[in-house]
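Here is what each chain is made of, one letter per residue.
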Amino acid sequence: MAAGDVLTDDFRATPYWWDLAPRPEDEGVAPPAEAEVAIVGAGNVGLSAALTLARRGRGVVVLDAEAAGHGASTRNAGYLGRQVWYKYGDMVPKLGRERAARVCRAAIDAHDYAASLIEREQIACFYRNTGRFIAAPSKRVFDGLARDLAMMQDDGVPVDAEMVEPEAAPPAYRAGRYHGGQTLRGNGVIHAGLYHAGLLERAARDGARIVGHCPVQAIEREGGAFRVFTARGTVRAGHVIVATNGYTPKAAQWLRRRLVPVDAFMIATEPLAEDRIERIAPGGRPMVEHCYSPCWIRPNEDGTRILFGGLSAEPPAGLARKASFLRDAMVRIVPELEGVRISHCWTGKTAFTFDMLPHTGSHDGVEYAMGWCGSGVPMGTYLGYKTALRVLGDPESGTVFDGRPFPTKPFYTGRPWFLPLAVAWHKRKDRKLFRG
Ligand SMILES: Cc1cc2nc3c(=O)[nH]c(=O)nc-3n(C[C@H](O)[C@H](O)[C@H](O)COP(=O)(O)OP(=O)(O)OC[C@H]3O[C@@H](n4cnc5c(N)ncnc54)[C@H](O)[C@@H]3O)c2cc1C
């Protein structure tokens, strides 16, 4: 198939979100020699922490190896969820019902914190409370979703959801592939680039210094403080927060060994007719498959395009070819998108942990918040804020994630050589789920 049949003439191998929220230019500045707090990583998490600290009058510098927002914070799908990726039925045997319920409540708190931050700060990021449709690959999965929902409700988790029988599912998903699913109310969507840009602007306005293109090369303890070595000079800081998630560098090797970075891919379609988009995502409601290696579909911020994505173990080479591969996957789910051309294809790194939970804490005095397991937009914003509160010694900093060991595996160095095997295993499990 010729590229012109798949890609628009103005195809870009950069995130769709960057069209409205471009990356900031490199101003060539060096970081300050001293700061009360140095934050490594200028994604949503680093900026949420920076905003909290700057508002309380702390001298903050945020250092990023690339332009601020180069990472997943401006590459994600923009789902502002009220739940973690970890399925309740899988979580309960590992954590027990009481703790699993507290994790689910924390996810709701995270959503509510991020949504209220958007409102309070007037961040113009097209936030919409659309709810979310969870597509069940088979009757067995549908029944499992219903069981998990009942168990969560029994355990006092204020989840607002209802099961959707196959005949009531959005028309585009009715024809065979799924057995209905679940509507999760209260979930939102945002324009990922504008959300990050809003946080960046608010943090800088309140005095945080944001220094891009300034990779941190090492972090060393010096008495009760730290020396943070960067490509553009050394910062002496009283506290350090590492917020690098899927991009965690060797300079934070203890953390790197605890994260499994996974490439996720997304495409945007060319502009489509409104009624077509409304058939696919009624009311602008996004969809996610309920399986181990899911795909997701949502309209863009003004309902003129479809955005589609999924996880992959393949290296992110050849985004034009990847666009064609993803378009085929999208058409298998929504046949009426056959022939639609793709205007953007991009990739980003998200990070999973060995216990499938996010982590925040401190190691050798260095604070961290990471391991979002696919739900970092709300959870990262929230735990970035909580991490800042911990630095401030504020008793409100506590979360259900405190004091938990951050597991790794023997000989794991942060390079997930096993990922193709893990993905193959998940795909096998998914084939079984789809068979019912
Ligand atoms: C395609 C895709 C879709 C996703 N969709 C969703 C979604 O819809 N909803 C959701 O909740 N989550 C989603 N996620 C996950 C979510 O985007 C991330 O969990 C979240 O944005 C991570 O934010 P962060 O600030 O922790 O890290 P990032 O935004 O990844 O930022 C880390 C930063 O660290 C910097 N860095 C790395 N090394 C150094 C160094 N040596 N010195 C200084 N800086 C360094 C990087 O340059 C980067 O800017 C998705 C992820 C991807 C990739």
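Owing to the predicted nature of the structure, the values given are computational and were not obtained by experimental measurement.

## Remarks on the site of the ligand
Part 1: The ligand sits among 36 residues. The nearest are Asp 64, Ser 73, Tyr 79, Val 216 and Val 377.
Part 2: Between the ligand and Trp 372, the relevant distance is 3.0 Å, taken from an oxygen atom to a side-chain nitrogen or oxygen of the residue.
Part 3: Against a free-state accessible area of 1000 Å², the protein chains account for coverage of 96% of the ligand.
Part 4: Among the secondary structure elements, those contributing two or more residues to the shell around the ligand are helix H2 (44-55), strand E13 (259-269), strand E17 (342-353) and helix H10 (376-391).
Part 5: A breakdown of the residues in the shell around the ligand according to their chemical character gives 17 nonpolar, 15 polar and 4 charged.

## Topic: the packing of aromatic side chains
Part 1: As enumerated under the stated definition, the model contains 11 aromatic pairs in all.
Part 2: Measuring from ring centre to ring centre gives 5.4 Å for Phe 354 and Tyr 412, while their planes differ by 85 degrees; the resulting arrangement is edge-to-face. Residue Phe 354 is located in the loop between E17 and strand E18 (359-363), and its partner Tyr 412 is located in the loop between H10 and helix H11 (419-435); the two are separated by 58 residues in the primary sequence.
Part 3: Take Phe 354: its relative accessible area is 25%, and that puts it in the partly exposed class.
Part 4: According to the relative accessible area criterion, Tyr 412 is buried, its value standing at 3%.
Part 5: An angle of 40 degrees between the planes, with centres 5.5 Å apart, marks the rings of Tyr 368 and Phe 406 as tilted. On the criterion of sequence distance, the pair formed by Tyr 368 in strand E19 (residues 366-370) and Phe 406 in the loop between H10 and H11 is long-range, its members being 38 residues apart.
Part 6: Look at Tyr 368 and you get buried, because its relative accessible area is 5%.
Part 7: Three or more aromatic residues joined by ring pairs make a cluster, and in this case those are Phe 354, Tyr 412, Trp 417 and Phe 418.

## Focus: the side chain of Asn 245
Part 1: Structurally, the position occupied by Asn 245 is in the loop between strand E12 (233-242) and helix H7 (253-256).
Part 2: Each residue touching Asn 245, except ones within four places of it in the same chain, is listed here: Leu 259, Thr 350, Ala 351, Met 370, Gly 371 and Trp 372.

## As for the nonpolar core
Part 1: By size, the foremost hydrophobic cluster in this structure holds 72 residues, and its most contacted members are Ile 39, Leu 53, Tyr 88, Met 91, Tyr 195 and Met 379.
Part 2: Contributions of two or more residues to this core are made by strand E2 (34-40), H2, strand E3 (60-63), helix H3 (88-95), helix H4 (97-120), helix H5 (139-154), helix H6 (192-205) and H10.
Part 3: With 13 residues, the top contributor of residues to this core is H4.
Part 4: Each residue touching Ile 39, except ones within four places of it in the same chain, is listed here: Gly 46, Ala 49, Ala 50, Leu 53, Val 60, Val 61, Val 62, Leu 63 and Ile 241.
Part 5: Ala 169, Tyr 173, Tyr 178 and Phe 265 belong to the second-largest nonpolar core, a separate cluster that totals 31 residues.

## Regarding the state of the cysteines
Covalent bonding between the sulfur atoms of two cysteines is what defines a disulfide.
Part 1: Counted under the stated rule, the structure contains 0 disulfides.
Part 2: Summary of cysteine pairing: Cys 295 is not part of a disulfide, and the nearest cysteine sulfur, belonging to Cys 291, is at 7.0 Å.
Part 3: Cys 104 provides the cysteine sulfur closest to Cys 373, a residue in no disulfide bond, and the two sulfurs are 13 Å apart.
Part 4: Looking at Cys 373, the relative accessible area reads 2%, which means it is buried.

## Concerning the environment of Gly 156
Part 1: Following the sequence through the fold, Gly 156 ends up in the loop between H5 and strand E6 (161-164).
Part 2: Gly 156 gets classed as partly exposed once you look at its relative accessible area, which sits at 44%.

## Digging into the packing of H3 against H4
Part 1: It is the contact of H3 with H4, at a shortest axis distance of 7 Å, that shows an interaxial angle of 130 degrees. Accordingly, the angle class assigned to the pair H3 and H4 is oblique. Once H3 is placed against H4, the crossing between them reads as right-handed. Here Tyr 88, Met 91, Val 92 and Leu 95 of H3 come into contact with H4, specifically with Arg 97, Arg 99, Ala 100, Ala 101, Val 103 and Cys 104.
Part 2: Here the contact of H3 with H4 is built from residues that sort into 8 nonpolar, no polar and 2 charged.

## Concerning H11
Part 1: Between its terminal C-alpha atoms H11 stretches 24 Å, which fits the 24 Å expected from 17 residues at 1.5 Å a residue.
Part 2: Within H11, the full set of buried residues consists of Leu 419, Val 423, Asp 430 and Leu 433. One face of H11 carries all of its buried residues, which in axial projection span an arc of 70 degrees. Facing away from the buried surface of H11 by more than 90 degrees, the exposed residues are Leu 421 and Arg 435.
Part 3: Check the buried side of H11 and you find it contacts H5 and E13.
Part 4: Of the residues one or two after H11, Gly 436 is the one with positive phi, at around 95 degrees.

## Some words on H5
An α-helix turns once per 3.6 residues; consequently, residues spaced three or four apart project the same way.
Part 1: The end-to-end C-alpha distance of H5, which contains 16 residues, comes to 22 Å, matching closely the 22 Å that a straight helix rising 1.5 Å per residue would cover.
Part 2: Within the sequence span of H5, burial applies to Val 141, Phe 142, Gly 144, Leu 145, Asp 148, Leu 149, Met 151 and Met 152.
Part 3: Where H5 is buried, its residues touch H3, H4, strand E5 (132-135), E6, strand E7 (181-184) and H11.
Part 4: Directly after H5, the chain includes Gly 156, whose backbone phi takes a positive value near 80 degrees.

## Things to note about unusual backbone geometry
Part 1: Of note, the phi angle at Asn 245 is positive, near 35 degrees, even though the residue is not glycine.
Part 2: When its relative accessible area of 13% is taken as the criterion, Asn 245 is described as buried.
Part 3: For Phe 411, which is not a glycine, the phi torsion comes out positive at approximately 70 degrees.
Part 4: Within the fold, Phe 411 resides in the loop between H10 and H11.

Analysis parameters
- Residues numbered from 1 in each chain as written.
- Predicted model: local features only at pLDDT ≥ 70, side-chain atom pairs only at ≥ 80, totals over all residues.
- Heavy atoms only, no water.
- Near = heavy atom within 4 Å.
- Polar contact = N/O pair within 3.5 Å; in protein donor to acceptor, adjacent residues only side chain to side chain.
- Areas by Shrake-Rupley, 256 points an atom, 1.4 Å probe, with all protein chains shown as cover.
- Helix = DSSP H or I, 4+ residues; strand = E, 2+ residues; numbered from the N terminus.
- Nonpolar A, V, L, I, M, F, W, Y, C, P; charged D, E, K, R; others polar.
- Phe/Tyr/Trp six-rings, centres within 6.5 Å; stacked < 30°, edge-to-face > 60°.
- Buried < 20%, exposed > 50% of the residue type's maximum accessible area, 1.4 Å probe, protein only.
- Contact = heavy atoms within 4.5 Å.
- Core = buried A, V, L, I, M, F, W, Y, C linked by side-chain atoms within 4.5 Å.
- Disulfide = S-S within 2.5 Å.
- Axes fitted to C-alpha atoms, helices over the stretch in contact; angles between N-to-C directions.
- Parallel < 35°, antiparallel > 145°, perpendicular 65-115°, else oblique.
- Left-handed = near helix turned anticlockwise from the far one by under 90°.
- Expected span 1.5 Å × (residues − 1).
- Arc of directions from axis to C-beta.

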